Amino acid sequence: MNAEKIFSKPVVMTIAAVICCVLWGSAFPAIKVGYESFGIGNESGSQILFAGLRFTLAGVFVLVCTSIAERRLLIPKKRDVAPIVLLSFVQTSLHYAFFYLGLSITTGVKASVLAATIVFFSLIFACFVFRTEKFSAGKFIGVLIGFCGVIIVNLGGDGWGFNLGDGFVLIAAAFGALSSVLMKIFGKDRDPVLLSGWQFFIGGLVLVALGLIMGGRIPQWSTRGFFILIWLAFVSAAAYSLWGILLKYNPVSRVTVFNFLDPVCGFILSALLLKEEFNVLFCLLALALVSGGIVISHLLGARGERKIKKMQTVEQTSAESDQENSGGEP
């Protein structure tokens, strides 16, 4: 059974997407703990340097581990260079520069909530900007219900005051959504793991250089900080590589709707690890809405896609029939 048949199966796609979201959800509190462990305060250069170290290391993990597993060097071809550079700029450099800066200002709970807007941005980019898939009422309803869960999660936290950090997280979500669509486009006839590894490595080096130029430094090194950095690098390497594979074989909106699990996981883990406010009732209600949104988006979205494909097939058959009746004239 080839990769497409495996990862396009609803059950496999669901399990893999949930694993990615749990890993990404753990990054919210881990970054906060990393700031504390390395003695990083409000210095923007140090925050970006920390991000750069994480993603450079993540790129090394992906490239080395995959090269060993496949017994070949993961070297990009000439046609891969432009997509890698664009992805490294959008996904790693811009996305995470804004995310790390935003997370240093806002709370882990609120950041996990705002980051879920990546689903809205993904739907807009995929359906209206790049037109890589068709918009349907089912997708919109699923996203809307899921986002209601995100709002419920926020109501169980510390309120909805909006600050600069929140704005940075929203900008980061937009770049993250854009990178998902680009990965879908570029990954059609390329290895998504190769794209992930190299874009992390290059984008990470750009962040390291930017952080150093801005006067960034790591004030203190600790054992806990080291393991946090390793964990964050693993999260990026494993989750994004797996996410890229899912995007290669499935519609963007069907995969990115699972991003609604990010705020739930981030909320719970931030509340437990960072001792931020936590409301069990609100969280369970939010989880029910998020799960319901995912199910509805899958069922109604898939039904809408089948109707569109059926209509396209009928139109194509009719056109071919008309062409035959007219003697094959175009």
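Figured I'd write up the structure that's included with this text.

Calculation rules
Residues numbered from 1 in each chain as written. Predicted model: local features only at pLDDT ≥ 70, side-chain atom pairs only at ≥ 80, totals over all residues. Heavy atoms only, no water. 1 Å grid on protein atoms, 1.4 Å probe; cavity = no way out; pocket = protein on both sides within 12 Å on 5 of 7 lines; lining within 4 Å. Points joined across faces, edges and corners; volume = space filled by probe spheres on them. Helix = DSSP H or I, 4+ residues; strand = E, 2+ residues; numbered from the N terminus. Nonpolar A, V, L, I, M, F, W, Y, C, P; charged D, E, K, R; others polar. Phe/Tyr/Trp six-rings, centres within 6.5 Å; stacked < 30°, edge-to-face > 60°. Buried < 20%, exposed > 50% of the residue type's maximum accessible area, 1.4 Å probe, protein only.

1. Brief notes about empty space enclosed by the protein
Applying the stated criterion across every chain, the model contains 3 cavities of 30 Å³ or more. In this structure, the largest cavity spans a volume of roughly 320 Å³. Among the elements that line the lining of the largest cavity, the one with the most residues is helix H8 (residues 164-186), at 6 residues. The residue inventory of the lining of the largest cavity, partitioned by class, reads 14 nonpolar, 6 polar and 2 charged.

2. Some remarks on the packing of aromatic side chains
Applying the stated criterion across every chain yields a total of 18 aromatic pairs. Their ring planes at 20° and their centres at 6.0 Å tell us that Phe98 and Phe175 sit as a pair that is stacked. Taken together, the residues span a long stretch of sequence, with Phe98 in helix H4 (residues 78-103) and Phe175 in helix H8 at a distance of 77 residues. A relative accessible area of 23% means that Phe98 is categorised as partly exposed. With 5.6 Å between their ring centres and 75° between their planes, Phe226 and Phe227 make a pair best called edge-to-face. Relative accessible area serves as the criterion here: at 42%, Phe226 is assigned to the partly exposed category.

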